[in-house]
Amino acid sequence: MVNNNIDRQTGQPYTSLGAIYNDAIQYIPANTDVITFWDDDDLFFDDHLTEGVSGLIRGGKIAYKPAFSYFRTQTTLSKNQNTFEPSIFTKSQHILQYGFHNTTTDQHFKWLEPLLANDDIFVDEAGKSTLIYNWIDEVMIYKTSGHSHKPDHFNEYRTLSYDHGDAVITPISVFNSF
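First, a word on scope: everything that follows refers to the structure included in this document. (Residues numbered from 1 in each chain as written. Predicted model: local features only at pLDDT ≥ 70, side-chain atom pairs only at ≥ 80, totals over all residues. Heavy atoms only, no water.)

1. Considering the sheet that holds strand 4 (residues 68-72)
Argument step 1. If you trace the four strands from one edge of the open sheet to the other, you get 2-8-4-5, paired in mixed fashion. Two strands in the sheet have a free side with no partner beyond their single neighbour: strand 2 (43-44) and strand 5 (77-81). (Pairing = 2+ DSSP bridges. Helix = DSSP H or I, 4+ residues; strand = E, 2+ residues; numbered from the N terminus.)

In structure tokens form, the structure reads like this:
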């Protein structure tokens, strides 16, 4: 964990995911061009990075996302209008400039809202969907977005979420995964 679980702004244990993100971005190398987010419960096709960076270049804006991503529940896999932040590819300087809200549910809005206000996201209607937002899994995951009515629920997240990823991230194929 970043800084041994101590928020560098307060010197106290972390109280939000946003504070963790704000500390983590301090470690991004200066020569990094693009930032995207990987949630531990989501699934990505093997060309996710290639498609995202290509879309960012093609769109010519500060950020890129395909118009649609997949949404997986226990019984369905559907293609939905894309509102999922792990599908957004952003020029790193934008993330570094705005950072994150010190909250657990809407931490991404601090960098996302200026993009929306200035029409700086290229939403590609023809963009390939490479993210599967995974709402169900064999291992129960604590969904921060599922508790948006409680924006300061970091202690629940800390108690109920755990790192179950002890292996290399492996590309998936939708045909053998569902």
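From this point, the narrative continues.
2. Details of the pairing of strand 4
Here is the key point about a regular strand: its side chains alternate between the two faces of the sheet.
Argument step 1. Pairing of strand 4 with strand 5 involves five bridges; the strand directions are antiparallel. The partner of Arg72 across the bridge, within strand 5, is Leu77.
Argument step 2. The turn linking strand 4 back onto strand 5 is made up of four residues.
Argument step 3. The sheet contact formed by strand 4 and strand 8 (residues 131-134) spans three bridges and is parallel. Across the sheet, residue Phe71 finds its bridge partner in strand 8, namely Tyr133.

3. Remarks on empty space enclosed by the protein
Sizing a probe to match a water molecule and rolling it over the atoms shows the empty space that remains.
Argument step 1. Within this structure, the stated rule accounts for one cavity of 30 Å³ or more.
Argument step 2. The volume enclosed by the largest cavity comes to roughly 30 Å³.
Argument step 3. Forming the walls of the largest cavity are His48, Glu51, Gly52, Tyr64, Pro66, Ser87, Phe89, Lys128 and Thr130.
Argument step 4. For the lining of the largest cavity, the secondary structure elements donating two or more residues are helix 2 (48-59) and strand 3 (63-66).
Argument step 5. Ranked by residues supplied to the lining of the largest cavity, first place goes to helix 2 with three residues.
Argument step 6. For the lining of the largest cavity, the per-class residue count stands at three nonpolar, four polar and two charged. (1 Å grid on protein atoms, 1.4 Å probe; cavity = no way out; pocket = protein on both sides within 12 Å on 5 of 7 lines; lining within 4 Å. Points joined across faces, edges and corners; volume = space filled by probe spheres on them. Nonpolar A, V, L, I, M, F, W, Y, C, P; charged D, E, K, R; others polar.)

4. Structural notes on the side chain of Ser92
Argument step 1. Tracing the backbone shows Ser92 in helix 3 (residues 92-98).
Argument step 2. Note on Ser92: relative accessible area 3%, which makes it buried.
Argument step 3. Sequence-distant contacts of Ser92, defined by excluding residues within four places in its chain, comprise Thr32, Asp33, Val34 and Ile35. (Buried < 20%, exposed > 50% of the residue type's maximum accessible area, 1.4 Å probe, protein only. Contact = heavy atoms within 4.5 Å.)

5. Brief notes about the nonpolar core
Burial of nonpolar side chains together is a common tendency in soluble globular proteins.
Argument step 1. Core analysis: the biggest nonpolar cluster contains 11 residues, these being Ile25, Ile35, Phe37, Ala63, Ile88, Ile95, Phe100, Trp111, Leu112, Leu115 and Ile121.
Argument step 2. Counting residues per element, this core draws most heavily on helix 4 (residues 109-117), at three residues.
Argument step 3. In this view, Leu115 contacts Ile62, Ala63, Thr90, His94, Asp120 and Ile121; residues no more than four positions away in its chain are not counted. (Core = buried A, V, L, I, M, F, W, Y, C linked by side-chain atoms within 4.5 Å.)

6. Comments concerning helix 1 (residues 17-24)
Argument step 1. With respect to burial, helix 1 is a largely interior element, six of its eight residues being buried.
Argument step 2. The set of residues buried in helix 1 consists of Leu17, Gly18, Ala19, Ile20, Asn22 and Asp23.

7. What to know about unusual backbone geometry
Argument step 1. Residue Asn5 is not a glycine yet carries a positive backbone phi of 70 degrees.
Argument step 2. The topology assignment puts Asn5 in the segment before helix 1.
Argument step 3. A positive phi is found at Asp119, a non-glycine position, where the angle reads about 55 degrees.
Argument step 4. Tracing the sequence through the fold places Asp119 in the loop between helix 4 and strand 7 (121-124).

8. Considering the sheet that holds strand 3
Argument step 1. If you trace the four strands from one edge of the open sheet to the other, you get 1-6-3-7, paired in mixed fashion. Every other strand in the sheet has two partners, leaving strand 1 (34-35) and strand 7 as the edge strands with one partner each.
Argument step 2. The pairing of strand 3 with strand 6 (residues 89-91) spans two bridges and is classified as antiparallel. Bridged to Tyr64 within strand 6 is Phe89.
Argument step 3. Along the sheet face, helix 2 touches strand 1, strand 3, strand 6 and strand 7 and points at about 50 degrees away from the line of strand 6.
Argument step 4. The sheet contacts of helix 4 involve strand 3, strand 6 and strand 7, and relative to strand 7 the element is tilted by about 75 degrees. (Axes fitted to C-alpha atoms, helices over the stretch in contact; angles between N-to-C directions.)

Interpretation in functional terms is not warranted from these geometric data alone.
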